[in-house]
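Coordinate analysis (summary)
Here are the chains, one letter per residue:
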Amino acid sequence: MMLNRFTLHLAIRLALLITDQVRRLRRAPDAGMETADKILWAAATTVVVSGVGAIFRDKLRGFANALTVTLGW
């Protein structure tokens, strides 16, 4: 029974802490969020381009080899 009370007390304290933090963020939004948003978009773009590169690796390598042969390098 004591463990249940302790767990309930801990859950309530955690919920109050989280709601307090959310309330503070709503009152004073962080100015760095725009930068973080741009960094996340850049990371997502990098992941997508890397994924496409991994999927079409052989075709891209063949295309690059064809360019070098065509240009005479």
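Predicted, not measured: the structure shown is a model, and the values here were computed from it.

**Brief notes about the pattern of salt bridges**
- Counted under the stated rule, the structure contains two salt bridges.
- Between Asp20 and Arg23 there is a salt bridge, with its nearest N and O atoms 3.8 Å apart. Highlighted residues: Asp20 and Arg23, both in helix α1 (residues 2–27), separated by three residues, approximately one helical turn.
- Take Arg23: its relative accessible area is 45%, and that puts it in the partly exposed class.
- The residue Asp20 makes a salt bridge to Arg24 at a minimum N-O spacing of 3.3 Å.

**Remarks on the confidence of the model for the protein**
- Of all residues in the protein, 82% have pLDDT values of 70 or greater, and the mean over the chain is 81.
- The least confident element of the protein, judged by mean pLDDT, is helix α3 (residues 57–71) at 77; the most confident is helix α2 (residues 33–55) at 87.

About the criteria used
- Residue indices follow the written sequence of each chain, beginning from 1 at its first position.
- Reporting in this predicted model follows two pLDDT cut-offs: at least 70 for local features of residues, and 80 or more for side-chain atom pairs to be given and counted; totals over whole chains, interfaces and linings ignore these cut-offs and use all residues.
- Side-chain metrics rest on all non-hydrogen atoms present in the structure, leaving aside hydrogens and water.
- The salt bridge criterion pairs a side-chain nitrogen of Lys or Arg with a carboxyl oxygen of Asp or Glu, the two atoms within 4 Å.
- For helices the rule is a DSSP run of H or I covering at least 4 residues; for strands it is a run of E covering at least 2, with both sets numbered from the N terminus onward.
- Per-residue accessibility, obtained with a 1.4 Å probe over protein chains only, is compared with the maximum for each type, and a residue is labelled buried under 20%, exposed over 50%, and partly exposed between these values.
- On a range of 0 to 100, pLDDT expresses the predictor's confidence in each residue.

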